[in-house]
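Here is how the chains run, residue by residue.
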Amino acid sequence: MVEWFVGVQVVIAVLAGTAAIVVGLAGVKPNDYTLGATLLVEALLVVQLVMAIIAPAFGNVATGSGLEFWIYLVSAILIPPAAVMWGLIERNRWSSVVLGVACLSIAVMVYRMSQIWFVQLA
Amino acid sequence: MTSKDSSTATGFGRVLIAVYAVMALGATARSLFQIATKFDDAPVAYLLSALAGIVYIVATVALVRSGAVWFRIAAVAIIFELVGVLTIGTLSLVDAVLFPADTVWSSFGAGYLFVPLVLPVLGLIWLYRVRNPQENR
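Residues numbered from 1 in each chain as written. Chains lettered and ligands numbered in written order. Predicted model: local features only at pLDDT ≥ 70, side-chain atom pairs only at ≥ 80, totals over all residues.

Draft legend 1. Structural view of the UniProt feature "transmembrane region" (unreviewed entry) in chain B. Residues and elements named next belong to chain B. UniProt marks residues 12–33, 45–64, 76–99 and 105–128 with the feature "transmembrane region" (unreviewed entry), using the numbering shown here. From the first C-alpha to the last, residues 45–64 spans 29 Å; its make-up is 100% helix and 0% strand. Between the C-alpha atoms that bound residues 105–128 there is a distance of 24 Å. The span itself is 58% helix and 0% strand. (UniProt positions renumbered as here; feature names shortened; annotations may be inferred. Helix = DSSP H or I, 4+ residues; strand = E, 2+ residues; numbered from the N terminus.)

Structure, rendered in structure tokens:
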């Protein structure tokens with residue numbers, strides 16, 4: 001993992017998530033902006049996936065459990081597409097909130113992944 | 001459940017289901033990893049984590065389905081989560097060896113941003129409102 005990219009990823013996921021929840025609660029249905037932001041979060045996860053595959057070849061290896069890292073990464077990649085499909089099928093304000101919940105979950109999971117990669121307390 | 005269209009899967013219930021689904025995925029996957037790699041460290045805690053994950057799955061499914069039986073299953077699953085997080089949360093503060101910091105319910109779910117503590121409360125409020133539709137928006 002690359003630290004600055006993790007930062008970018010978490011900030012974008014938090015912004016996308018917060019915005020989707022706010023507009024969702026305000027009554028806005030999923031639109032190009034909230035769906036697009038969620039897809040952006042997904043795209044960054046795919047970039048992270050590629051980086052995680054090639055990083056060890058450059059000596060950048062996880063300090064914690066690689067298996068745990070990959071469980072998080074694979075789980076995370078599944079979440080935004082599920083939320084987007086939900087948003088396309090069910091057109092109401094709550095689907096916007098669901099998009100936001102998905103993005104915030106990704107922020108937390110990416111943060112946890114960075115802890116596994118960089119920080120080992122034990 | 002007198003009214004036919006009273007359902008746990010509409011409106012805010014949708015959001016609840018989404019959060020339950022994420023927790024089901026997270027808690028189950030993580031506890032399976034822990035059981036596979038470091039089960040001997042804290043067998044009781046990790047088994048309870050797996051159980052919590054399974055109950056999250058049950059709650060997710062039960063909230064999606066309609067009908068009196070599923071409503072009751074959802075209520076039981078959510079109450080189970082609430083009792084679990086309160087009991088294990090307290091025990092984890094008393095006995096850190098038996099319940100290390102990295103399980104779903106430890107320290108009242110602090111490792112999961114207290115979602116395990118907040119979620120059952122919201123879930124029960126939601127079930128109550130679904131059952132008493134005059135309070136709905």
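Draft legend 2. Structural detail: the environment of L99 of chain A. Residues and elements named next belong to chain A. Along the polypeptide, L99 turns up in helix α4 (residues 93–118). For the pair L99 and T38, spaced 61 residues apart in the sequence, the C-alpha separation amounts to 6.7 Å. Apart from the residues lying within four places of it in its own chain, the contact partners of L99 are A20, P30, T34, L35, T38, A83 and G87. (Contact = placed C-beta atoms within 7 Å.)

Draft legend 3. The UniProt feature "transmembrane region" (unreviewed entry) in chain A, seen in detail. Residue and element names in this part refer to chain A. In this numbering, the UniProt entry assigns the feature "transmembrane region" (unreviewed entry) to residues 6–28, 35–57, 69–89 and 96–118. When the span residues 6–28 is considered, its composition is 87% helix and 0% strand, and the gap between its end C-alpha atoms is 30 Å. For residues 96–118, the helix share is 100%, the strand share is 0%, and the end-to-end C-alpha distance is 33 Å.

Draft legend 4. Region of the structure containing the interface of chain B and chain A. Across the boundary between the two partners, chain B contributes 13 residues, which contact 13 residues of chain A. Looking at the side of chain B that touches chain A residue by residue, the class counts come to 9 nonpolar, 3 polar and 1 charged. (Nonpolar A, V, L, I, M, F, W, Y, C, P; charged D, E, K, R; others polar.)

Draft legend 5. Highlighting α4 of chain A. Along its 26 residues, α4 of chain A runs 38 Å from first to last C-alpha, staying within 8% of the 38 Å computed at 1.5 Å per residue. In terms of burial, α4 of chain A is largely enclosed, as 21 of its 26 residues are buried. (Expected span 1.5 Å × (residues − 1). Buried ≥ 20, exposed ≤ 12 C-beta atoms within 10 Å, placed from the backbone.)

Draft legend 6. A look at the confidence of the model for chain B. All names here are of chain B. Mean pLDDT over chain B stands at 84; residues scoring 70 or higher make up 91%. Note that residues 1–6 has pLDDT below 50 and, in this model, 7 contacts with residues that lie over four places away or in other chains. Across the interfaces of the predicted complex, the ipTM metric reaches 0.75, alongside a pTM of 0.82. (pLDDT = per-residue confidence, 0-100.)

Draft legend 7. Molecular detail of the environment of I73 of chain B. Residue and element names in this part refer to chain B. Within the secondary structure, I73 is located in helix α3 (residues 68–94). Residue class for I73 comes out partly exposed when judged on the 17 C-beta atoms lying within 10 Å of it. Between the C-alpha atom of I73 and that of A59, which follows or precedes it by 14 residues, the distance is 7.3 Å. Setting aside chain neighbours within four positions, we find I73 in contact with V58 and A62.

Draft legend 8. Up close: the packing of helix α1 (residues 12–38) of chain B against helix α4 (residues 115–131) of chain B. Residues and elements named next belong to chain B. Relative to each other, α1 and α4 sit at 145°, their axes nearing to 11 Å. For the element pair α1 and α4, the recorded crossing hand is left-handed. Contacts between α1 and α4 involve F12, G13, L16, V19 and M23 from the former and V115, L119, L122, G123 and W126 from the latter. Of the residues assigned to the contact of α1 with α4, the class counts are 8 nonpolar, 2 polar and no charged. (Axes fitted to C-alpha atoms, helices over the stretch in contact; angles between N-to-C directions. Left-handed = near helix turned anticlockwise from the far one by under 90°.)

Draft legend 9. Spotlight on the packing of helix α2 (residues 32–54) of chain A against α4 of chain A. Residue and element names in this part refer to chain A. The interhelical angle for the contact between α2 and α4, taken along N-to-C directions, is 20°, at an axis separation of 10 Å. As judged from the angle between their axes, α2 and α4 are roughly parallel. At the point where α2 passes α4, the crossing takes the left-handed sense. Here α2 contributes T34, L35, T38, V41 and L45 to the contact with α4, which in turn contributes S96, L99, A102, C103 and I106. (Parallel < 35°, antiparallel > 145°, perpendicular 65-115°, else oblique.)

Draft legend 10. Examining helix α3 (residues 66–89) of chain A more closely. Taking 1.5 Å per residue, 24 residues should reach 34 Å; α3 of chain A reaches 36 Å between its end C-alpha atoms and fits that length. If you check which residues of α3 of chain A are buried, you get F69, I71, Y72, A76, I79, P80, A83, V84 and G87 of chain A. In this fold, the buried residues of α3 of chain A make contact with α2 and α4 of chain A together with α1 of chain B.

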